[in-house]
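Descriptive analysis of the structure
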Amino acid sequence: MTKRFKILRIVSGTVCSCIGLFLIIDNFLPVDKSKYKVPEKDLVTLTGYLINDPAYHKSSGNGSSTNFKIELNTYPGVDFQNESIFLKATQWEKIKTDVKYNDTVIIKVLKSDFDNKYIKRDSMSFFGKIANIPLRKFEFYSFKFEGKEYVSDLYEAAKQHQQDNRFAQSIMGLVFVGMGIYSFVAKK
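Residues numbered from 1 in each chain as written. Predicted model: local features only at pLDDT ≥ 70, side-chain atom pairs only at ≥ 80, totals over all residues. Heavy atoms only, no water.

**Here we look at helix α1 (residues 3–28)**
In a regular helix each residue adds 1.5 Å, so 26 residues correspond to 38 Å; α1 covers 38 Å between its end C-alpha atoms and thus fits that length. For α1, the set of buried residues is Arg9, Gly13, Cys16, Ser17, Gly20, Leu23 and Asn27. Buried positions along α1 lie against α7 (154–185). (Helix = DSSP H or I, 4+ residues; strand = E, 2+ residues; numbered from the N terminus. Expected span 1.5 Å × (residues − 1). Buried < 20%, exposed > 50% of the residue type's maximum accessible area, 1.4 Å probe, protein only. Contact = heavy atoms within 4.5 Å.)

**Observations regarding the nonpolar core**
In terms of nonpolar packing, the biggest core is built from 35 residues, with Phe80, Ile107, Phe140 and Phe143 touching the most fellow members. Among the secondary structure elements, those contributing two or more residues to this core are β1 (43–49), β3 (67–70), α3 (84–89), α4 (92–98), β5 (104–110), α5 (111–119), β7 (140–145) and α7. Those residues in contact with Phe80 that lie beyond four places of it in its chain are Leu46, Phe68, Lys69, Ile70, Leu72, Tyr75, Ile107, Val109, Phe114, Phe138 and Phe140. (Core = buried A, V, L, I, M, F, W, Y, C linked by side-chain atoms within 4.5 Å.)

**A look at the sheet that holds strand β8 (residues 148–149)**
The four strands lie next to each other as β1-β5-β7-β8, forming an open sheet whose pairing is antiparallel. Lying at the two open borders of the sheet, with one neighbouring strand each, are β1 and β8. In terms of strand pairing, β1 meets β5 through seven bridges, oriented antiparallel. When the bridges of β5 are listed, Thr45 appears paired with Lys108. (Pairing = 2+ DSSP bridges.)

**Details of a nonpolar patch on the surface**
Taken together, the side chains of Ile10, Ile181, Tyr182, Phe184 and Val185 present a nonpolar region at the surface, about 520 Å² in accessible area. Per-element tally for the nonpolar patch: the top contributor is α7, with four residues. (Patch = residues over 30% accessible without salt bridge, like charges linked within 9 Å, V, L, I, M, F, W, Y side chains within 5 Å. Areas by Shrake-Rupley, 256 points an atom, 1.4 Å probe, with all protein chains shown as cover. Salt bridge = Lys/Arg side-chain N within 4 Å of Asp/Glu carboxyl O.)

**A short note on the packing of α1 against α7**
Closest axis-to-axis distance for the α1/α7 pair is 7 Å, and the angle between their directions is 160°. Viewed along their axes, α1 and α7 adopt a mutual orientation that is roughly antiparallel. When the axes of α1 and α7 are compared, the crossing they make is left-handed. Counted by class, the contact of α1 with α7 contains 15 nonpolar, 13 polar and three charged residues. (Axes fitted to C-alpha atoms, helices over the stretch in contact; angles between N-to-C directions. Parallel < 35°, antiparallel > 145°, perpendicular 65-115°, else oblique. Left-handed = near helix turned anticlockwise from the far one by under 90°. Nonpolar A, V, L, I, M, F, W, Y, C, P; charged D, E, K, R; others polar.)

**Concerning the sheet that holds strand β4 (residues 79–83)**
Through backbone hydrogen bonds, the strands of a sheet pair up, either in parallel or in antiparallel fashion. Strand order across the open sheet formed by four strands is β2-β3-β4-β6, with mixed pairing between neighbours. Each edge of the sheet is formed by a strand with only one pairing partner; in this case those strands are β2 (55–57) and β6 (137–138). Summarising the sheet, β3 and β4 pair through four bridges and their orientation is antiparallel. Looking at the pairing, Lys69 lines up with Gln81 of β4.

**Some points on the packing of aromatic side chains**
Enumeration over the complete set of coordinates arrives at nine aromatic pairs. The interplanar angle of 35° and the centroid separation of 6.1 Å between the aromatic rings of Phe80 and Phe138 together place this pair among those described as tilted. Taken together, the residues Phe80 in strand β4 and Phe138 in strand β6 connect sequence positions 58 residues apart. Across the pair, Phe138 and Phe80 agree in class, each one buried. Within the aromatic cluster, the residues linked to one another by ring pairs are Tyr75, Phe80, Phe114 and Phe138. (Phe/Tyr/Trp six-rings, centres within 6.5 Å; stacked < 30°, edge-to-face > 60°.)

**What about the pairing of β5?**
Bridge count for β5 against β7 is four bridges, and the pairing is antiparallel. Directly across from Val109, in β7, lies its bridge partner Phe140.

**Considering the pattern of salt bridges**
Side chains that differ in charge, positive against negative, can pair when their charged atoms come close. The tally for this structure, following the rule as stated, stands at eight salt bridges. One salt bridge connects Asp153 with Lys37, and the closest N-O pair in it is separated by 3.7 Å. Remark: Lys37 occurs in the loop between α2 (33–36) and β1 and Asp153 occurs in the loop between β8 and α7; sequence separation between them is 116 residues. Here Asp153 falls in the partly exposed class, since its relative accessible area comes to 33%. Overall, Lys37 belongs to the partly exposed group, its relative accessible area being 41%. Among the ionic pairs, Lys148 bridges to Asp98, the shortest N-O distance being 3.9 Å.

Here is the structure:
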């Protein structure tokens, strides 16, 4: 067995085992409440009318993700879109039936992200602007139209998401641990 093979075997075994253990342990850690139960003072309220109909995009498989997107006239060039857990908490079917082009809506986004990536974008350096081009999308924590709220409890959606993925993530973690163990004992 060559020295290079031993090093590769140990490194790949360690990496695979660490990834597997992370996936398994992450299943049983509690959901970070501070990420989903954000105080009102940390949110900013944005109002505007829709310049397009609300759009639901299903993942087509080539690097795209399933999301729900809206565009407001008062914030040109910015997409407000919910993916993953935020999408699970958003009642997008009801929004698509109730809300149409030109309707005025009220949303809430994370104030620190919005200030840093949108409000202060003119004071960014050239490289900062380039780095933030793909980040001109914001998740909305609240969506109101005619006094009706369309985003339910994000924390409960995050807990449900973790529960829904627990089995698959555990299996994937065990596969990685198995690959790590195999790497440790493999012989050339």
